[in-house]
Amino acid sequence: MLKVTNLAKSHSTPQGTLELFRGLQFSVHSGESVALMGESGCGKSTLLHLIAGLEDADAGQILLSGQDVTAMNDSQRARLRRHALGIIFQQLNLIPSLTVHDNLAFQARLAKCLQPDRLTQLIETLGLTELLPRYPHQLSGGQQQRVAIGRALAARPTLLLADEPTGSLDEQNADQVMDLLLTLVQQTGTSLLMVTHSQRLARRMDRCLTLHQGQLT
Ligand SMILES: Nc1ncnc2c1ncn2[C@@H]1O[C@H](COP(=O)(O)OP(=O)(O)OP(=O)(O)O)[C@@H](O)[C@H]1O
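Everything numeric in this text was worked out from a predicted model, so none of it was measured.

Details of the sheet that holds strand β7 (residues 159-163)
- Spatial strand order, β6-β7-β8-β3-β9-β10: 6 strands in an open sheet with mixed pairing. The outermost strands of the open sheet, each flanked by one partner alone, are β6 (85-88) and β10 (215-216).
- Bridging between β7 and strand β8 (residues 191-195) involves 5 bridges; their strand directions are parallel. Bridging from a neighbouring strand, L161 pairs with L193 of β8.
- Relative to β6, helix α5 (residues 141-154) is tilted by about 170 degrees, and along the sheet it contacts β6 and β7.

Okay, structure coming up:
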């Protein structure tokens with residue numbers, strides 16, 4: 001489903017070139033949930049950005065359902081993000097001027113795959129029914145997190161990329177959000193690649209990859 005081969009990425013910084021990784025290889029299979037761990041600054045977020053086509057790799061190949069992200073132009077990448085990827089980054093990027101309901105429907109509408117029954121089911125599973133008319137600033141952190149998960153899954157992505165989606169929550173809320181995320185991923189057959197600093201959350205996933213000094217173990 002996701003196959004990464006010989007991936008290399010460096011950043012240029014005022015101190016010179018910072019090589020994050022070279023020759024990186026790994027796969028995520030259909031329906032599999034994989035934790036991505038590693039110390040701060042090792043390149044986990046950058047790796048998600050490369051897979052999402054938001055940054056360019058220096059070398060290597062990223063195949064998503066057989067399509068090579070590294071060979072796509074900007075509009076092909078945007079299309080891929082709309083149709084095949086769900087993305088939950090640290091800044092949740094909910095749209096402040098839209099209600100919870102419209103935030104949830106937004107990405108599915110863009111991808112032209114809004115299915116009202118499916119959206120209703122997602123809303124129920126995520127416990128958001130009462131909150132539909134509210135705006136993001138009227139929600140708690142955990143509630144915003146659930147909306148971001150719903151929005152990412154409403155468009156039926158093949159792969160969900162999540163960067164510490166429970167990072168700002170306390171343990172109890174993080175566990176609840178994680179329960180929902182894993183249930184939904186299982187129900188929909190979506191694959192999940194999730195950055196986390198929590199061993200506890202990582203143990204709940206099918207597999208854990210650790211990025212250390214440019215290598216995955
Ligand atoms: N656009 C950029 N230009 C230069 N350096 C960058 C850029 N983006 C990230 N970096 C550097 O690349 C390294 C990897 O950053 P990245 O955000 O991928 O790490 P991370 O593993 O996700 O860290 P954290 O766990 O703290 O979120 C860091 O040292 C960071 O300072």
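Next, the rest of the story.
Topic: the packing of α5 against helix α6 (residues 171-188)
- Where α5 meets α6, the axes come as close as 10 Å, and the angle between the chain directions of the two elements is 10 degrees. Classified by the interaxial angle, the pair formed by α5 and α6 is roughly parallel. Contacts between α5 and α6 involve G142, Q145, R146, I149 and L153 from the first element and N173, V177, L180, L181, L184 and T188 from the second.
- Of the residues in the contact of α5 with α6, the class split is 6 nonpolar, 4 polar and 1 charged.

Notes on the UniProt feature "domain: ABC transporter" (unreviewed entry) in the chain
- With numbering aligned to this structure, UniProt lists the feature "domain: ABC transporter" (unreviewed entry) at residues 2-217.
- Secondary structure content for residues 2-217 is 35% helix and 28% strand, and the end C-alpha separation is 17 Å.

Procedures and definitions
- Residues numbered from 1 in each chain as written.
- Predicted model: local features only at pLDDT ≥ 70, side-chain atom pairs only at ≥ 80, totals over all residues.
- Pairing = 2+ DSSP bridges.
- Helix = DSSP H or I, 4+ residues; strand = E, 2+ residues; numbered from the N terminus.
- Contact = placed C-beta atoms within 7 Å.
- Axes fitted to C-alpha atoms, helices over the stretch in contact; angles between N-to-C directions.
- Parallel < 35°, antiparallel > 145°, perpendicular 65-115°, else oblique.
- Nonpolar A, V, L, I, M, F, W, Y, C, P; charged D, E, K, R; others polar.
- UniProt positions renumbered as here; feature names shortened; annotations may be inferred.

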